[in-house]
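Chain by chain, the residues run as shown.
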Amino acid sequence: GVLLSPSKAESFAMSIAESIASSVPVIVSAMPSHRDLLGSNRDFLYSLTNIREAKEKINNILENWNNYSNIIKTYAKPLRHLSFIEAWKNFVSSYR
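From a predicted model like this one, the values you see are computed outputs, not experimental measurements.

S.K.: Can you help me understand the overall build of the protein chain in this one?
M.R.: A tally of regular secondary structure across the protein chain gives five helices and three strands. For 96 residues, the compact-globule formula gives about 12 Å, and the C-alpha radius of gyration of the protein chain, at 13 Å, lands near that figure. Counting only residues that meet the buried cut, the protein chain has 34% of its 96 residues in that class. When contacts within the protein chain are restricted to residue pairs at least 6 apart in sequence, long-range pairs at least 24 apart make up 48% of them. Accessible area of the protein chain: about 6000 Å², with a carbon and sulfur share of 54%.

Okay, here's the thing in structure tokens:
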């Protein structure tokens, strides 16, 4: 499967982080909290107003799921175990 998140605003994208940590590819709107999780990898980001772009990316991932599942694993490492908890604490403290 693929997780689609068409959010306009989010403080922390927990469902996306959980999908990434589980090696499930995601297609997410290119907003700051999503880019924080995926860096500059445009394979998983789309412009919120461009539904055609999202559809093409979903189809591409579904056709090449094993490849994209392996790619998303590279983003999962910081989300595992205590490093994820530390990252979350740092994120929250940065807004205090």
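From this point, the narrative continues.
S.K.: Honestly, the pattern of salt bridges in this entry has me stumped. Any pointers?
M.R.: Close approach of charged atoms allows side chains with opposite charge to pair. Summed over the entire model, instances satisfying the criterion amount to two salt bridges. For the salt bridge of Glu53 with Arg42, the shortest nitrogen-to-oxygen distance reads 3.9 Å. With a gap of eleven residues between them, Glu53 in helix α3 (residues 51-63) and Arg42 in the loop between α2 (32-38) and β3 (45-46) connect regions that are remote in the sequence.

S.K.: Would you explain helix α1 (residues 14-21) in this entry?
M.R.: What sets the pattern is the α-helix's 3.6 residues per turn: residues three or four places apart point alike. Burial in α1 covers these residues: Ile16, Ala17, Ser19 and Ile20. One side of α1 holds all its buried residues, which, seen down the axis, span an arc of 160 degrees. Where α1 terminates, the next one or two residues include Ser23, which has phi positive at roughly 65 degrees.

S.K.: How should the nonpolar core be read in this particular structure?
M.R.: As a rule of thumb, nonpolar side chains are buried together in soluble globular proteins. Formed by 19 residues in total, the largest nonpolar core has its most connected members in Ile16, Ile20, Val26, Leu37, Leu38 and Phe44. Counting residues per element, the ones that place at least two in this core are α1, β2 (26-29), α2, β3, α3 and α4 (65-76). In this structure Ile16 touches Leu3, Ser5, Val26, Val28, His34 and Leu37, once residues within four positions along its chain are discounted.

S.K.: Please explain the sheet that holds strand β1 (residues 3-5) as it appears in this structure.
M.R.: Picture the strands of a sheet paired through backbone hydrogen bonds; they go either parallel or antiparallel. Across the sheet, which stays open at both edges, the three strands sit in the order β1-β2-β3 with parallel pairing between neighbours. In the strand order of this sheet, the two ends are held by β1 and β3, each with one partner.

S.K.: Would you take a moment to explain the packing of aromatic side chains for this structure?
M.R.: The geometry of an aromatic ring pair is captured by two quantities: the separation of the ring centres and the angle between the planes. Summed over the entire model, instances satisfying the criterion amount to two aromatic pairs. Ring geometry for Phe44 and Tyr68: centres 5.8 Å apart, planes at 85 degrees, overall edge-to-face. Separated by 24 residues along the polypeptide, Phe44 in the loop between α2 and β3 and Tyr68 in helix α4 bring together distant segments of the chain. As far as burial versus exposure is concerned, Phe44 and Tyr68 are alike and both buried. Where Phe44 meets Tyr75, the ring centres are 6.4 Å apart and the plane angle is 85 degrees; that geometry is what we call edge-to-face. Residue Phe44 is located in the loop between α2 and β3, and its partner Tyr75 is located in helix α4; the two are separated by 31 residues in the primary sequence. You can call Phe44 buried: its relative accessible area is 0%.

Rules used throughout
Residues numbered from 1 in each chain as written. Predicted model: local features only at pLDDT ≥ 70, side-chain atom pairs only at ≥ 80, totals over all residues. Heavy atoms only, no water. Helix = DSSP H or I, 4+ residues; strand = E, 2+ residues; numbered from the N terminus. Rg over C-alpha atoms; globule rule 2.2 N^0.38 Å. Buried < 20%, exposed > 50% of the residue type's maximum accessible area, 1.4 Å probe, protein only. Contact = heavy atoms within 4.5 Å. Areas by Shrake-Rupley, 256 points an atom, 1.4 Å probe, with all protein chains shown as cover. Salt bridge = Lys/Arg side-chain N within 4 Å of Asp/Glu carboxyl O. Arc of directions from axis to C-beta. Core = buried A, V, L, I, M, F, W, Y, C linked by side-chain atoms within 4.5 Å. Pairing = 2+ DSSP bridges. Phe/Tyr/Trp six-rings, centres within 6.5 Å; stacked < 30°, edge-to-face > 60°.

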